[in-house]
2 protein chains.
Amino acid sequence: MQITLKDIARMADVAESTVSRALNDKPGVGRETKLKILKIAKENNYRPNQLARGLAAKKTNMIAVILAEMDSPGNIEIVKSIEKAADEKGYQIILCNTNNQEDKEESYLSLLESNQVDGAIFIGGKLVGSHLLRASFSQDNRIVLVNRLAEENFFTSVLTDYSQGIYQAVEHLVEENFKKIALVCGSRDDLIEEEKISGYKNALRDSGLDLNQELIFSTANDRQAGYNVFLEIIEGDVIPDAFISTRELTTIGLVEAIKMGGYFIPDDFAVVGYGDNILTSVIDPPLTVLSEPVEELGKSSLEFLLKLINDNLDSQQIKVLTPELIIRESSISKYN
Amino acid sequence: MQITLKDIARMADVAESTVSRALNDKPGVGRETKLKILKIAKENNYRPNQLARGLAAKKTNMIAVILAEMDSPGNIEIVKSIEKAADEKGYQIILCNTNNQEDKEESYLSLLESNQVDGAIFIGGKLVGSHLLRASFSQDNRIVLVNRLAEENFFTSVLTDYSQGIYQAVEHLVEENFKKIALVCGSRDDLIEEEKISGYKNALRDSGLDLNQELIFSTANDRQAGYNVFLEIIEGDVIPDAFISTRELTTIGLVEAIKMGGYFIPDDFAVVGYGDNILTSVIDPPLTVLSEPVEELGKSSLEFLLKLINDNLDSQQIKVLTPELIIRESSISKYN
DNA sequence: GCAATTTACGCAAGCGCTTGCGAAAACTTG
DNA sequence: CAAGTTTTCGCAAGCGCTTGCGTAAATTGC
């Protein structure tokens, strides 16, 4: 049997309440007694039952990080950053992977609703809406969204400015003399994808290039999808000379397909990928990428969340971070 | 305020105990009443407080998965497999990343000790021993180790047979006519690394090759370490013609260093890497790898754990799985 | 050295749930 | 239809902790 508060109290010959206060560093317990209690607790390797503690105090010091996809190196970096920040503040994170399944998202949300965690951070994923919304008003929305646009400005969010990022990418490609720039993004019912498209359109306009709807593609974020989209593209009516591929895994597949087709990067097709990670840097040729401020995304999201939790803020806040364009071989025109 | 069991009981005009039994599908509640209770609970979107439930029932249906490194794609795959299996059994996992820090490992162990989780699976990482051991006898060791060798056969474990894997790799390289095969592994105070070395030695012996201690290298598992080890190697006395690199990230760095040095794979150096994942397949040239049975590792570890938890088994079990050699360009001799 | 403060501690209720046990109600059976 | 059996349900204790409140002890001030 586990050793409990009561046991410690008996050993120290004080009341349970005193032990509790001593252990939690709360006022109202004398220096002597406190030391004695701490000593006994340590000697007996006492571990408070966090369930009981959470139940009584209505606070668990755990937060849920709900991840749409674990395969994405960028997301993993965000998680690591959150974890680091949480650790410093005395919070533990519990990581939940939804694999882009909406029902799992809902089921993980019940961690919040059933008080197992003090708050939740959602990383990526589509906005499904209904259940999130519901949760948000049933609870006092201790929820932060990372890289996910909500329909209403309902949730505190930390966002990467994809629009701005894509804009930069187009600009860069135009400077390198590419003229037919294709955009490969995710599902169009995802608001964040519309953001990308809007940046793309703006940049084309400002560069005096024509917009061709046929050069905008939507795919899933996996390797095969990236591969397939290229096959589709080269059989299409209008062949691009450059790609902006905005999702990590898709980009990998796309590059493979290009090479497999006997084409060269950047000679035949320039490529701008997404995410400054080991994948995009290892692939041949090294990819020019839009680099997400992963560290900052994680840190800020945690800070926001703690503010929501502790200060009981109910006003929502939004922070927008700009990605950085990291230029490598894959987008440098040979004929420049 | 959250709606509670008591509320439901009042609304249904029955006792709390009846509601509890109805909700948990336990016998002793009439069909009529049960239906009524379920209906009311659903209508009110009732969510049991899992803390209270865990406290009372001494069971949380959550298990901790404690991960030594999140950067490793292989580990991520194992986690996903565990998660899938857990989901089917009605368990939720909470993922804890230690970043190879022993103290974090200990702190996460307290999730177990403080009853927040019903069991824990450790993936990878060194055996530190002391605290794990301590935990194991304080609790009735509801712990499963994946790819981690314990000093005593104390814990239920699921292991990849590295020795056997490396043996295969050497054999393959020998067939391809490589004669000076270097082994790049992790820290030698890790028992599992000794396993690798033992497989390496056996294979050399059986192939009639001389063992040269200078061809065994230990490094951290990151890209830079892999890079550095190659620099070190080519300045050494004895230059290998092939590498078996047993850790994912190290392998990437090693390959980069080889290419950066102006050498060719496999012409100048053959490479056998570790882990059949996107990284090793995307790199140029595609790497021959030892492929871990990630799916199976995850699945079995969960099964073992549930057996420990539910059947209260105290006997430890060990399952050993053999990695598969996937042959790609990086180890095919041109002169064969 | 005695009243007024302050500090240290214990009491007990309560967090939301589970579960053993006993009583009432609903069924059997001959 | 009475006695026995089974089913349905409520009572109450308890899981291990926190916390408001009240009182006793220690401290201060003059």
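These numbers come from a predicted model, not from an experiment.

Trainee: Just checking my understanding: could you explain the domain arrangement of chain A for this structure?
Mentor: Where interface size is given, it is often the accessible area lost as the parts come together that is meant. Residues and elements named next belong to chain A. When cut into domains, chain A gives domain 1 (5-48), domain 2 (58-160 + 294-323) and domain 3 (162-292 + 325-331). On a C-alpha basis, the centroid separation for the pair domain 2 and domain 3 is 29 Å. With 19 residues of domain 2 at the contact, the number on the domain 3 side is 20 residues. Counting each side, the surface lost to burial between domain 2 and domain 3 is near 1500 Å², with a carbon and sulfur contribution of 59%. On inspection of domain 2 and its partner domain 3, the count reaches one salt bridge. At the boundary of domain 2 with domain 3, the tally comes to eight residue pairs in polar contact (both at pLDDT 80 or more). Of all the secondary-structure elements, those providing two or more residues to the side of domain 2 that touches domain 3 are α5 (73-88) and α13 (294-310). Among the elements that line the side of domain 2 that touches domain 3, the one with the most residues is α5, at three residues. In terms of residue class, the side of domain 2 that touches domain 3 is built from eight nonpolar, six polar and five charged.

Trainee: Even after reading the chapter, I still don't get the packing of aromatic side chains, so can you show me in this structure?
Mentor: We describe a pair of aromatic rings using the distance from one ring centre to the other and the angle between the two ring planes. For the coordinates displayed, the defined rule picks out 12 aromatic pairs over all chains. With centroids separated by 5.8 Å and ring planes inclined at 75°, the aromatic side chains of Phe 230 of chain B and Tyr 263 of chain B adopt a geometry described as edge-to-face. With a gap of 33 residues between them, Phe 230 of chain B in helix α10 (residues 223-234) and Tyr 263 of chain B in the loop between α11 (248-260) and β9 (270-274) connect regions that are remote in the sequence. Here Tyr 263 of chain B and Phe 269 of chain B contribute two aromatic rings whose centre-to-centre distance is 5.3 Å and whose plane-to-plane angle is 75°, an arrangement assigned as edge-to-face. On the basis of relative accessible area, Tyr 263 of chain B is assigned to the partly exposed category, the value being 30%. Judged by its relative accessible area of 4%, Phe 269 of chain B falls in the buried class. A connected cluster of aromatic rings, assembled from ring pairs, spans Phe 230, Phe 243, Tyr 263 and Phe 269 of chain A. A cation over a ring is seen here: Lys 196 of chain A above Tyr 162 of chain A, with NZ or CZ 5.1 Å from the ring centre.

Trainee: Before we go on, may I ask you to explain the protein's contact with DNA strand C in this structure?
Mentor: Close to DNA strand C lie 29 residues, the nearest being Gly 30 and Thr 33 of chain A together with Leu 5, Lys 26 and Tyr 46 of chain B. The sugar-phosphate backbone supplies 66% of the atoms of DNA strand C found within 4 Å of the protein. Contact between DNA strand C and Lys 58 of chain A: a sugar or linking oxygen at 3.2 Å from a side-chain N or O atom of the residue. Within the backbone of Ala 52 of chain B, an N or O atom sits 3.4 Å from a base nitrogen of DNA strand C. Those elements that provide at least two residues to the surface near DNA strand C are α2 (16-23) and α4 (50-57) of chain A together with α2 (16-23) and α4 (50-57) of chain B. Among the residues forming the surface near DNA strand C, the class breakdown is 12 nonpolar, 10 polar and seven charged.

Trainee: Could you clarify how one ought to interpret the packing of helix α10 (residues 223-234) of chain A against helix α11 (residues 248-260) of chain A in this entry?
Mentor: Geometry of a packed helix pair, given as the angle between the helix axes and the separation of the axes. Residues and elements named next belong to chain A. Where α10 meets α11, the axes come as close as 6 Å, and the angle between the chain directions of the two elements is 45°. The angle between α10 and α11 falls in the class oblique. Helix-helix and strand crossings are classified by hand; for α10 and α11 the assignment is right-handed. Here Arg 223, Gly 226, Tyr 227, Val 229 and Phe 230 of α10 come into contact with α11, specifically with Leu 249, Thr 250, Ile 252, Gly 253, Leu 254, Glu 256, Ala 257, Ile 258 and Met 260.

Trainee: Looking at this structure, I do not really get the protein's contact with DNA strand D. What am I missing?
Mentor: For DNA strand D, the set of nearby residues contains 29 residues, the closest of which are Leu 5, Lys 26 and Tyr 46 of chain A together with Gly 30 and Thr 33 of chain B. Restricting the count to atoms of DNA strand D within 4 Å of the protein gives a sugar and phosphate share of 65%. In the environment of DNA strand D, a phosphate oxygen lies 2.4 Å from a nitrogen or oxygen atom belonging to the side chain of Thr 33 of chain B. Separating a base oxygen of DNA strand D from a backbone N or O atom of Ala 56 of chain B is a distance of 3.4 Å. Taken together, the elements giving at least two residues each to the surface near DNA strand D come down to α2 and α4 of chain A together with α2 and α4 of chain B. Split by residue class, the surface near DNA strand D holds 12 nonpolar, 10 polar and seven charged.

Trainee: Sorry if this is basic, but what is going on with the nonpolar core here?
Mentor: Nonpolar side chains tend toward joint burial in soluble globular proteins. Membership of the largest hydrophobic core comes to 96 residues, with the highest contact counts inside it found for Tyr 200, Phe 243 and Ile 244 of chain A together with Tyr 200, Phe 243 and Ile 244 of chain B. When sequence neighbours within four positions are dropped, the list of residues in contact with Ile 244 of chain B reads Ile 166, Ala 169, Val 170, Leu 173, Ile 181, Ala 182, Leu 183, Val 184 and Val 272 of chain B. Counting residues in hydrophobic clusters, the runner-up holds 53 residues, among them Ile 63 and Leu 297 of chain A together with Tyr 91 and Val 146 of chain B.

Trainee: Help me understand the pairing of strand β5 (residues 156-160) of chain B in this model?
Mentor: Where a strand is regular, its side chains alternate between the two sheet faces. All names here are of chain B. Counted residue by residue, β5 has five buried out of five residues, so it is predominantly covered. The side-chain alternation of β5 yields two buried faces, one formed by Thr 156, Val 158 and Thr 160 and the other by Ser 157 and Leu 159. Looking at chain direction, strand β4 (residues 143-146) and β5 are connected through three bridges and run parallel. Within β5, the residue paired with Leu 145 across the bridge is Ser 157. Across four bridges, β5 lies against strand β11 (residues 318-321) in parallel orientation. Each residue of the ladder has a partner; that of Val 158, found in β11, is Lys 319.

Rules used in this analysis
- Residues numbered from 1 in each chain as written.
- Chains lettered and ligands numbered in written order.
- Predicted model: local features only at pLDDT ≥ 70, side-chain atom pairs only at ≥ 80, totals over all residues.
- Heavy atoms only, no water.
- Domains from an automatic or database assignment.
- Contact = heavy atoms within 4.5 Å.
- Buried area = accessible area lost by both parts, 1.4 Å probe.
- Salt bridge = Lys/Arg side-chain N within 4 Å of Asp/Glu carboxyl O.
- Polar contact = N/O pair within 3.5 Å; in protein donor to acceptor, adjacent residues only side chain to side chain.
- Helix = DSSP H or I, 4+ residues; strand = E, 2+ residues; numbered from the N terminus.
- Nonpolar A, V, L, I, M, F, W, Y, C, P; charged D, E, K, R; others polar.
- Phe/Tyr/Trp six-rings, centres within 6.5 Å; stacked < 30°, edge-to-face > 60°.
- Buried < 20%, exposed > 50% of the residue type's maximum accessible area, 1.4 Å probe, protein only.
- Lys NZ or Arg CZ within 6 Å of the ring centre and 35° of its normal.
- Near = heavy atom within 4 Å.
- Axes fitted to C-alpha atoms, helices over the stretch in contact; angles between N-to-C directions.
- Parallel < 35°, antiparallel > 145°, perpendicular 65-115°, else oblique.
- Left-handed = near helix turned anticlockwise from the far one by under 90°.
- Core = buried A, V, L, I, M, F, W, Y, C linked by side-chain atoms within 4.5 Å.
- Pairing = 2+ DSSP bridges.

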